Amino acid sequence: MSSSSRHSANMALMPESRSERRHRILARTGCAVALLILPVLVACPMLPATRGGEANPVTINHSQGFAFDGWIKAVGFSNGGRALIVGGCHPADSGACSDGLVQIWSLESATLTTGAALPQPVTALAVSRDGTKWVAGDSTGRLIQSGAVSTSASKPHYQHHEITALAFSSDGKWVASGSRDPSFPLAFLETASGGVIKVKKQFEPVTAVAFSPDSRELAVGTVAGGLEVWNFTGNSTAVVVAPTRNKGNSVSGVTFSSNGRFLAYGRQDGRVVVLDRESGHVLAQYKRASSVNSLAFSPNDRFLAVGHDNGRVTLVNPFMAREFWSKRHILPISGVAYAPDGTSLAVAAWRHVYLYRVVEGTEEAAQQTASRLKQERVPADSRVGPDAP
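Residues numbered from 1 in each chain as written. Predicted model: local features only at pLDDT ≥ 70, side-chain atom pairs only at ≥ 80, totals over all residues. Heavy atoms only, no water.

Asker: Honestly, the overall build of the protein in this entry has me stumped. Any pointers?
Answerer: What the protein contains, in helices and strands, is four helices and 27 strands. Taken over 389 residues, the protein has a buried fraction of 48%. Across the protein, every contact between residues at least 6 apart in sequence was considered, and the portion connecting residues at least 24 apart equals 43%. Only carbon and sulfur atoms are counted for the fraction: they give 54% of the accessible area of the protein, which is about 19,100 Å². (Helix = DSSP H or I, 4+ residues; strand = E, 2+ residues; numbered from the N terminus. Buried < 20%, exposed > 50% of the residue type's maximum accessible area, 1.4 Å probe, protein only. Contact = heavy atoms within 4.5 Å. Areas by Shrake-Rupley, 256 points an atom, 1.4 Å probe, with all protein chains shown as cover.)

Asker: Is there a simple way to explain a nonpolar patch on the surface in this structure?
Answerer: A surface patch of nonpolar side chains, about 340 Å² in accessible area, is lined by Ile330, Leu331 and Trp350. With respect to the helices and strands, Ile330 occurs in the loop between β24 (322–328) and β25 (333–338). For Ile330, a relative accessible area of 83% gives the class exposed. (Patch = residues over 30% accessible without salt bridge, like charges linked within 9 Å, V, L, I, M, F, W, Y side chains within 5 Å. Salt bridge = Lys/Arg side-chain N within 4 Å of Asp/Glu carboxyl O.)

Asker: Is there a simple way to think about the packing of aromatic side chains in this case?
Answerer: When we look at a pair of aromatic rings, we describe it by the centre distance and by the angle of the planes. Scanning all chains against the criterion turns up six aromatic pairs. For the pair Phe303 and Phe324, a centre-to-centre distance of 5.8 Å together with 80 degrees between the ring planes defines the contact as edge-to-face. One end of the pair, Phe303, is in the loop between β21 (292–297) and β22 (304–308); the other, Phe324, is in strand β24, with 21 residues separating them in the sequence. Judged by its relative accessible area of 2%, Phe303 falls in the buried class. Take Phe324: its relative accessible area is 24%, and that puts it in the partly exposed class. Look at Trp325 and Tyr356: their rings are 5.4 Å apart centre to centre, the planes differ by 65 degrees, and that puts the pair in the edge-to-face class. You can see Trp325 sitting in strand β24 and its partner Tyr356 sitting in strand β27 (residues 352–360), a full 31 residues away along the chain. When the ring centre of Phe184 is taken as reference, the NZ or CZ atom of Lys198 above it lies at 4.8 Å. (Phe/Tyr/Trp six-rings, centres within 6.5 Å; stacked < 30°, edge-to-face > 60°. Lys NZ or Arg CZ within 6 Å of the ring centre and 35° of its normal.)

Asker: In this structure, what is going on with the state of the cysteines? I would like to understand it.
Answerer: Defined simply, a disulfide is a covalent bond joining two cysteines at their sulfur atoms. Considering all chains together, one arrives at one disulfide under this definition. Linked covalently through their sulfurs, Cys89 and Cys97 form a disulfide whose S-S length is 1.9 Å. (Disulfide = S-S within 2.5 Å.)

Asker: Please clarify how the sheet that holds β24 should be interpreted in this entry.
Answerer: Across a sheet, strands are paired by hydrogen bonds formed along the backbone, either parallel or antiparallel in direction. Spatially, four strands are ordered β21-β22-β23-β24 in an open sheet, and the strand pairing comes out antiparallel. Only two strands of the sheet have a single partner each, and these edge strands are β21 and β24. Averaged over all pairs of adjacent strands, the angle between strand axes in this sheet comes to 20 degrees, irrespective of strand direction. Relative to β24, strand β23 (residues 312–317) runs antiparallel, the two being bridged by six bridges. (Pairing = 2+ DSSP bridges. Axes fitted to C-alpha atoms, helices over the stretch in contact; angles between N-to-C directions.)

Asker: I would appreciate a short explanation of the side chain of Ser344 in the present structure.
Answerer: Among the secondary structure elements, Ser344 is positioned in strand β26 (residues 344–349). Here Arg357 takes part through its side chain, which lies 2.9 Å from a polar atom of the side chain of Ser344. If sequence neighbours within four positions are ignored, Ser344 has contacts with Phe77, Ala337, Tyr338, Ala339, Leu355, Tyr356, Arg357 and Val358. (Polar contact = N/O pair within 3.5 Å; in protein donor to acceptor, adjacent residues only side chain to side chain.)

Asker: Would you take a moment to explain the pairing of strand β20 (residues 282–287) for this structure?
Answerer: Along a regular strand, successive side chains alternate from one face of the sheet to the other. By the bridge criterion, five bridges tie strand β19 (residues 271–276) to β20 in an arrangement that is antiparallel. For Val273, the partnering residue across the bridge sits in β20 and is Gln285. Between the end of β19 and the start of β20, which pair antiparallel, lie five residues, with Gly280 showing a positive phi angle near 80 degrees.

Asker: What should I look at first to understand the sheet that holds strand β2 (residues 71–78) in this one?
Answerer: Taken in spatial order, the four strands make up an open sheet running β2-β3-β4-β5, and their pairing is antiparallel. Edge positions in the sheet fall to β2 and β5 (111–118), since each of these pairs with one other strand and no more. Pairwise comparison of adjacent strand axes, ignoring direction, gives a mean angle of 20 degrees for this sheet. In this structure, β2 lies alongside strand β3 (residues 83–91), joined through seven bridges in antiparallel fashion. Opposite Ala74, over in β3, you have Gly87 as the bridge partner.

Asker: How should I be thinking about the environment of Leu218 in this particular structure?
Answerer: Among the secondary structure elements, Leu218 is positioned in strand β14 (residues 217–222). Among the residues examined, Leu218 registers a relative accessible area of 0% and is labelled buried. Taking the C-alpha atoms as reference, Leu218 lies 6.4 Å from Asn231; in sequence the two are 13 residues apart.

Asker: What should I look at first to understand the side chain of Gln285 in this one?
Answerer: Residue position: Gln285 is located in strand β20. A distance of 2.6 Å separates the side chain of Gln285 from the side chain of Arg271, its partner in a polar contact.

Written out as structure tokens, the structure is:
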């Protein structure tokens, strides 16, 4: 036997150390994992854009961007979807908000057409359904109308705390105003006269409001996590949709579907809940790790856009809690809004508004998708249940 052969034999007979055995096991495990992953890595580039032979239900591409001269609090469409309206504030040297600002941008020319400087930071913004009027709320409790900026800004405080949420009635005659004012957390502005009605009903400080499409009902979300639906045209008792949770899990967004049959709301814990308005039952839940800052149904109610505090925007099927599209932005999302025709989605993130072009698939493709989703198991973080969480 040669010396090299004897050396090999002696090596084979030597006992294996604990570290050598561990490295050998790790090496074998790594090889096994690599063999499992390699086919997936090879196959991924060849995966089709459709799933299960069905057409992609939606395609979204970035089309335009707009820089805001400050920090954005809310965004919406005006002028029939041909313009963007943005509200926020100028940052001071200290980093805090100083004065307020509302800007209107033409989407056709991509230029700033109108700007309104306000004495206090804008904390909420609402646009009428026809896109002809806007109302801004500021950090001191004032409501400023687009047709009377100078006079509105000099009026006394309507609510003695920051305006947190605003919503127009469908006819544009009323604006619901939510505030952290413990005495009058809810008020109604009559747009024609500029007068304000303070609601005596006891609500917790309000963080979100939304009118139903027929303006008969008003959904009110509170800082304590409760959600109530109140008959605005009558004097009925508000119906509790979701019970009070705690002050660290407030309702941070609420919206009705365009047909009024469904109500969606989001909370600070990242949960989105979609309810059947007639029965009050939960149709679906969707949850991410970051707080929900804004919600918007597509005009045809096929999708729900959700803006999160970690900069992520998602587009989900509101009835199956299935995500179709997701985009991460660097800074928190302060607002999402659909154009009236549903072909554009505006996303506000800190100092910028990103405009995305939305191309939906055919109705037949949507039905195929809905049929498939019904047959699939709903993910664990999107459980369907009989009661509101």
